Amino acid sequence: MPPRKPTGWKPRTLPHATPSASNGKVSLRPADRAIGVFDSGIGGLTVLRALVEELPNEDFIYLGDTARLPYGTKTDEVIIRYSRENTEFLLAKGIKMLVVACNTSSAVALEAIARDTTIPVIGVIEPGARAVVKASRTGKIGVIATEATVASGAYTRTIQSLRPRAEIYTRACPLLVPLVEEGWTDNDVAERTVSYYLESLKQSGIDALLLGCTHYPLLIAMFERVLGPEVKVVDSATATAAAVRERLRALKLARRATQGTRSFFVTESPERFVRVGRRFFGPQVESAVRIER
Ligand code: DGL
(Lines give C-alpha, C1' and ligand atoms only; values in the text may rest on other atoms or scores of the structure.)
Protein backbone atom coordinates (compact mmCIF):
# COMPACT_ATOMS: atom_id res chain seq x y z
CA MET A 1 0.00 0.00 0.00
CA PRO A 2 1.45 3.46 -0.84
CA PRO A 3 2.31 5.54 2.25
CA ARG A 4 -0.30 8.07 3.33
CA LYS A 5 0.49 11.67 2.51
CA PRO A 6 0.98 13.94 5.52
CA THR A 7 -1.93 16.31 6.08
CA GLY A 8 -1.63 19.49 4.09
CA TRP A 9 1.06 17.99 1.92
CA LYS A 10 1.10 18.92 -1.78
CA PRO A 11 3.52 17.76 -4.47
CA ARG A 12 5.88 20.49 -5.63
CA THR A 13 7.72 21.03 -8.83
CA LEU A 14 10.56 23.37 -9.68
CA PRO A 15 9.22 26.92 -9.46
CA HIS A 16 9.88 29.17 -12.46
CA ALA A 17 11.37 32.01 -10.47
CA THR A 18 12.56 31.75 -6.89
CA PRO A 19 14.88 33.71 -4.61
CA SER A 20 18.40 32.39 -5.05
CA ALA A 21 19.91 30.94 -1.87
CA SER A 22 22.97 33.14 -2.08
CA ASN A 23 21.63 36.66 -2.59
CA GLY A 24 17.88 36.62 -2.01
CA LYS A 25 17.24 38.08 -5.50
CA VAL A 26 14.93 36.45 -7.98
CA SER A 27 16.91 34.29 -10.36
CA LEU A 28 15.55 32.68 -13.49
CA ARG A 29 18.65 30.63 -14.21
CA PRO A 30 18.27 27.11 -12.87
CA ALA A 31 22.05 26.69 -12.71
CA ASP A 32 22.29 29.51 -10.16
CA ARG A 33 19.94 27.84 -7.73
CA ALA A 34 21.19 25.98 -4.69
CA ILE A 35 21.48 22.24 -4.16
CA GLY A 36 19.38 20.95 -1.26
CA VAL A 37 20.81 18.30 1.04
CA PHE A 38 19.03 16.63 3.92
CA ASP A 39 19.87 14.12 6.60
CA SER A 40 18.28 12.88 9.79
CA GLY A 41 20.72 15.12 11.65
CA ILE A 42 24.41 15.88 11.79
CA GLY A 43 25.94 12.88 10.01
CA GLY A 44 24.96 14.09 6.53
CA LEU A 45 27.66 16.72 6.93
CA THR A 46 30.12 14.02 5.79
CA VAL A 47 28.23 13.98 2.49
CA LEU A 48 28.10 17.78 2.38
CA ARG A 49 31.84 17.90 2.99
CA ALA A 50 32.45 15.60 0.04
CA LEU A 51 30.04 17.67 -2.09
CA VAL A 52 31.76 20.95 -1.22
CA GLU A 53 35.18 19.47 -2.01
CA GLU A 54 33.91 18.26 -5.37
CA LEU A 55 31.76 21.32 -6.16
CA PRO A 56 33.13 24.42 -4.42
CA ASN A 57 31.17 26.80 -6.68
CA GLU A 58 27.76 25.52 -5.71
CA ASP A 59 25.41 26.96 -3.09
CA PHE A 60 24.20 24.29 -0.65
CA ILE A 61 21.22 24.39 1.69
CA TYR A 62 21.46 21.67 4.35
CA LEU A 63 18.61 20.49 6.54
CA GLY A 64 19.28 18.23 9.54
CA ASP A 65 16.17 16.80 11.17
CA THR A 66 17.84 16.85 14.59
CA ALA A 67 14.51 16.83 16.47
CA ARG A 68 13.55 13.43 15.14
CA LEU A 69 16.79 11.48 14.66
CA PRO A 70 17.74 8.67 14.61
CA TYR A 71 15.92 7.46 11.50
CA GLY A 72 17.86 4.19 11.50
CA THR A 73 15.68 2.57 14.16
CA LYS A 74 12.31 3.79 12.82
CA THR A 75 9.71 2.11 10.63
CA ASP A 76 9.55 2.64 6.87
CA GLU A 77 6.30 4.57 7.15
CA VAL A 78 7.81 7.11 9.55
CA ILE A 79 11.07 7.41 7.60
CA ILE A 80 9.11 8.10 4.41
CA ARG A 81 6.91 10.71 6.10
CA TYR A 82 9.86 12.56 7.64
CA SER A 83 11.85 12.38 4.41
CA ARG A 84 8.99 13.88 2.40
CA GLU A 85 8.61 16.71 4.89
CA ASN A 86 12.33 17.47 4.65
CA THR A 87 12.04 17.42 0.87
CA GLU A 88 9.11 19.80 0.93
CA PHE A 89 11.07 22.29 3.04
CA LEU A 90 13.98 22.26 0.61
CA LEU A 91 11.81 22.41 -2.51
CA ALA A 92 10.22 25.57 -1.14
CA LYS A 93 13.71 27.12 -1.23
CA GLY A 94 13.76 26.72 -5.02
CA ILE A 95 16.58 24.20 -5.19
CA LYS A 96 17.75 22.79 -8.53
CA MET A 97 18.71 19.33 -7.23
CA LEU A 98 18.13 17.31 -4.08
CA VAL A 99 20.75 15.11 -2.46
CA VAL A 100 19.44 12.65 0.11
CA ALA A 101 22.52 12.35 2.32
CA CYS A 102 20.87 10.04 4.83
CA ASN A 103 21.48 6.38 3.94
CA THR A 104 18.34 5.32 5.77
CA SER A 105 16.13 7.79 3.84
CA SER A 106 17.87 6.87 0.59
CA ALA A 107 17.29 3.17 1.26
CA VAL A 108 13.65 3.47 2.27
CA ALA A 109 12.18 6.69 0.86
CA LEU A 110 14.02 7.62 -2.35
CA GLU A 111 11.24 6.52 -4.72
CA ALA A 112 8.57 8.31 -2.70
CA ILE A 113 10.68 11.48 -2.65
CA ALA A 114 11.36 11.35 -6.39
CA ARG A 115 7.63 11.10 -7.07
CA ASP A 116 7.11 14.40 -5.24
CA THR A 117 9.17 16.55 -7.60
CA THR A 118 10.49 16.98 -11.11
CA ILE A 119 13.97 18.13 -10.05
CA PRO A 120 16.73 15.48 -10.01
CA VAL A 121 16.98 13.54 -6.74
CA ILE A 122 20.19 11.68 -5.89
CA GLY A 123 20.54 9.29 -2.98
CA VAL A 124 23.66 7.63 -1.60
CA ILE A 125 22.79 3.97 -2.27
CA GLU A 126 23.54 3.64 -5.96
CA PRO A 127 26.79 5.64 -5.98
CA GLY A 128 27.99 3.72 -2.90
CA ALA A 129 27.07 0.38 -4.44
CA ARG A 130 28.89 1.23 -7.68
CA ALA A 131 32.00 2.28 -5.77
CA VAL A 132 32.19 -0.88 -3.68
CA VAL A 133 31.57 -3.15 -6.68
CA LYS A 134 34.47 -1.40 -8.41
CA ALA A 135 36.70 -1.80 -5.35
CA SER A 136 36.04 -5.51 -4.83
CA ARG A 137 38.15 -8.03 -6.71
CA THR A 138 36.60 -11.23 -5.33
CA GLY A 139 32.95 -10.07 -5.15
CA LYS A 140 32.81 -10.78 -1.41
CA ILE A 141 31.44 -7.50 -0.15
CA GLY A 142 30.55 -6.29 3.34
CA VAL A 143 28.00 -3.54 3.99
CA ILE A 144 27.51 -1.87 7.37
CA ALA A 145 24.62 0.50 8.02
CA THR A 146 21.72 1.30 10.36
CA GLU A 147 19.11 -1.34 11.18
CA ALA A 148 16.52 0.17 8.81
CA THR A 149 18.99 0.40 5.91
CA VAL A 150 20.06 -3.22 6.36
CA ALA A 151 16.44 -4.38 6.72
CA SER A 152 15.45 -2.56 3.51
CA GLY A 153 17.87 -4.69 1.48
CA ALA A 154 18.53 -1.64 -0.73
CA TYR A 155 22.32 -1.98 -0.83
CA THR A 156 22.11 -5.74 -1.39
CA ARG A 157 19.67 -5.36 -4.30
CA THR A 158 21.67 -2.60 -5.94
CA ILE A 159 25.01 -4.39 -5.59
CA GLN A 160 23.47 -7.58 -6.96
CA SER A 161 22.01 -5.72 -9.94
CA LEU A 162 25.51 -4.47 -10.75
CA ARG A 163 27.31 -7.74 -10.01
CA PRO A 164 24.85 -10.65 -9.89
CA ARG A 165 27.34 -13.14 -8.43
CA ALA A 166 28.47 -10.92 -5.58
CA GLU A 167 28.36 -12.41 -2.09
CA ILE A 168 27.08 -9.68 0.18
CA TYR A 169 27.39 -9.72 3.95
CA THR A 170 25.47 -7.04 5.84
CA ARG A 171 25.70 -5.93 9.45
CA ALA A 172 23.71 -3.30 11.34
CA CYS A 173 25.94 -1.32 13.71
CA PRO A 174 23.56 0.83 15.80
CA LEU A 175 26.10 1.81 18.46
CA LEU A 176 28.43 3.51 16.02
CA VAL A 177 26.19 6.58 15.48
CA PRO A 178 26.19 7.75 19.13
CA LEU A 179 29.86 6.83 19.45
CA VAL A 180 30.82 9.11 16.57
CA GLU A 181 28.61 11.95 17.80
CA GLU A 182 30.36 11.67 21.17
CA GLY A 183 33.67 12.10 19.35
CA TRP A 184 34.83 8.62 20.36
CA THR A 185 36.41 7.60 17.10
CA ASP A 186 39.89 6.66 18.24
CA ASN A 187 39.74 5.14 21.71
CA ASP A 188 39.42 1.67 23.28
CA VAL A 189 35.64 1.74 23.29
CA ALA A 190 35.53 2.55 19.57
CA GLU A 191 38.08 -0.16 18.79
CA ARG A 192 36.23 -2.84 20.77
CA THR A 193 32.85 -1.88 19.33
CA VAL A 194 34.12 -1.80 15.73
CA SER A 195 35.96 -5.13 16.23
CA TYR A 196 32.79 -6.71 17.62
CA TYR A 197 30.63 -5.55 14.72
CA LEU A 198 33.14 -6.46 12.04
CA GLU A 199 34.04 -9.91 13.39
CA SER A 200 31.50 -11.88 11.31
CA LEU A 201 32.30 -9.88 8.15
CA LYS A 202 36.00 -10.57 8.65
CA GLN A 203 35.27 -14.30 9.04
CA SER A 204 33.33 -14.21 5.75
CA GLY A 205 36.51 -13.18 3.92
CA ILE A 206 35.24 -9.91 2.42
CA ASP A 207 37.73 -7.90 0.37
CA ALA A 208 35.72 -4.64 0.38
CA LEU A 209 33.58 -2.92 2.99
CA LEU A 210 30.99 -0.27 2.18
CA LEU A 211 30.29 2.32 4.85
CA GLY A 212 26.51 2.66 4.42
CA CYS A 213 25.84 5.30 7.05
CA THR A 214 26.60 9.00 7.22
CA HIS A 215 28.60 8.74 10.45
CA TYR A 216 30.98 5.95 9.55
CA PRO A 217 33.53 7.94 7.48
CA LEU A 218 34.73 9.43 10.77
CA LEU A 219 35.73 5.92 11.83
CA ILE A 220 37.48 5.03 8.59
CA ALA A 221 40.94 4.75 10.17
CA MET A 222 39.53 2.38 12.78
CA PHE A 223 37.81 0.20 10.17
CA GLU A 224 41.04 0.00 8.18
CA ARG A 225 43.04 -0.87 11.27
CA VAL A 226 40.62 -3.60 12.38
CA LEU A 227 40.21 -5.14 8.91
CA GLY A 228 43.83 -4.90 7.77
CA PRO A 229 45.27 -3.89 4.40
CA GLU A 230 43.56 -6.65 2.35
CA VAL A 231 40.12 -5.08 2.75
CA LYS A 232 39.29 -1.88 0.89
CA VAL A 233 37.03 0.50 2.79
CA VAL A 234 34.72 2.56 0.61
CA ASP A 235 32.36 5.33 1.68
CA SER A 236 29.12 6.39 -0.02
CA ALA A 237 29.75 10.10 0.58
CA THR A 238 32.68 10.46 -1.83
CA ALA A 239 30.97 8.35 -4.49
CA THR A 240 27.77 10.40 -4.17
CA ALA A 241 29.61 13.70 -4.61
CA ALA A 242 31.13 12.39 -7.86
CA ALA A 243 27.66 11.27 -9.05
CA VAL A 244 26.22 14.72 -8.29
CA ARG A 245 29.00 16.40 -10.28
CA GLU A 246 28.32 14.12 -13.25
CA ARG A 247 24.59 14.74 -13.14
CA LEU A 248 25.00 18.54 -12.91
CA ARG A 249 27.27 18.46 -15.90
CA ALA A 250 24.96 16.21 -17.92
CA LEU A 251 21.97 18.45 -17.18
CA LYS A 252 23.98 21.66 -17.73
CA LEU A 253 23.09 22.74 -14.21
CA ALA A 254 26.61 23.40 -12.89
CA ARG A 255 27.14 26.85 -11.42
CA ARG A 256 30.07 28.89 -12.65
CA ALA A 257 30.45 31.45 -9.86
CA THR A 258 33.71 31.37 -7.96
CA GLN A 259 32.66 30.57 -4.40
CA GLY A 260 29.50 28.90 -3.22
CA THR A 261 27.65 29.45 0.06
CA ARG A 262 26.39 26.96 2.64
CA SER A 263 23.39 27.48 4.87
CA PHE A 264 22.28 25.17 7.64
CA PHE A 265 18.80 24.49 8.99
CA VAL A 266 17.87 22.14 11.83
CA THR A 267 14.65 21.10 13.55
CA GLU A 268 16.17 21.26 17.06
CA SER A 269 19.27 22.32 19.03
CA PRO A 270 21.20 24.52 16.58
CA GLU A 271 23.97 24.98 19.21
CA ARG A 272 24.65 21.25 19.43
CA PHE A 273 24.53 21.00 15.63
CA VAL A 274 27.21 23.67 15.34
CA ARG A 275 29.38 22.17 18.10
CA VAL A 276 29.23 18.54 16.93
CA GLY A 277 28.90 19.47 13.25
CA ARG A 278 32.35 21.05 13.26
CA ARG A 279 33.88 17.62 13.81
CA PHE A 280 32.09 16.41 10.70
CA PHE A 281 32.51 19.42 8.45
CA GLY A 282 35.03 21.85 9.91
CA PRO A 283 34.81 25.37 11.36
CA GLN A 284 32.64 26.59 8.48
CA VAL A 285 29.59 25.40 10.42
CA GLU A 286 29.20 28.80 12.09
CA SER A 287 25.47 28.89 12.74
CA ALA A 288 22.27 27.03 12.03
CA VAL A 289 18.68 28.23 11.86
CA ARG A 290 16.05 26.30 13.74
CA ILE A 291 12.85 25.66 11.80
CA GLU A 292 9.46 24.81 13.29
CA ARG A 293 7.94 21.40 12.70
N1 DGL B 1 21.90 9.48 8.85
C2 DGL B 1 21.62 8.10 9.17
C3 DGL B 1 22.07 7.19 8.02
O4 DGL B 1 22.92 7.52 7.24
C5 DGL B 1 22.29 7.69 10.46
C6 DGL B 1 21.69 8.30 11.71
C7 DGL B 1 20.24 7.91 11.93
O8 DGL B 1 19.97 6.73 12.22
O9 DGL B 1 19.39 8.79 11.79
O10 DGL B 1 21.52 6.13 7.87
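Please refer to the structure placed before this passage.
Residues numbered from 1 in each chain as written. Predicted model: local features only at pLDDT ≥ 70, side-chain atom pairs only at ≥ 80, totals over all residues. Heavy atoms only, no water.

A. Examining the nonpolar core more closely. Formed by 96 residues in total, the largest nonpolar core has its most connected members in L45, L209 and F223. Ranked by residues supplied to this core, first place goes to helix α2 (residues 76–91) with seven residues. The contact partners of L45, leaving out residues within four places of it in the chain, are Y62, F264, F273, G277, F280, F281 and V285. (Core = buried A, V, L, I, M, F, W, Y, C linked by side-chain atoms within 4.5 Å. Buried < 20%, exposed > 50% of the residue type's maximum accessible area, 1.4 Å probe, protein only. Helix = DSSP H or I, 4+ residues; strand = E, 2+ residues; numbered from the N terminus. Contact = heavy atoms within 4.5 Å.)

B. Broad picture of the packing of aromatic side chains. All told, the structure shown has eight aromatic pairs when counted by the stated rule. A ring pair is formed by Y62 and F273, whose centres lie 5.8 Å apart and whose planes are at 40 degrees; its orientation type is tilted. One end of the pair, Y62, is in strand β4 (residues 60–64); the other, F273, is in helix α11 (residues 270–281), with 211 residues separating them in the sequence. We note that Y62, like F273, is buried. With a centroid separation of 5.9 Å and an interplanar angle of 75 degrees, the aromatic rings of F264 and F281 are classed as edge-to-face. Note that F264 is positioned in strand β11 (residues 262–266) and F281 in helix α11, a separation of 17 residues in sequence. F264 gets classed as buried once you look at its relative accessible area, which sits at 4%. On the accessibility criterion, F281 (8% relative accessible area) is buried. (Phe/Tyr/Trp six-rings, centres within 6.5 Å; stacked < 30°, edge-to-face > 60°.)

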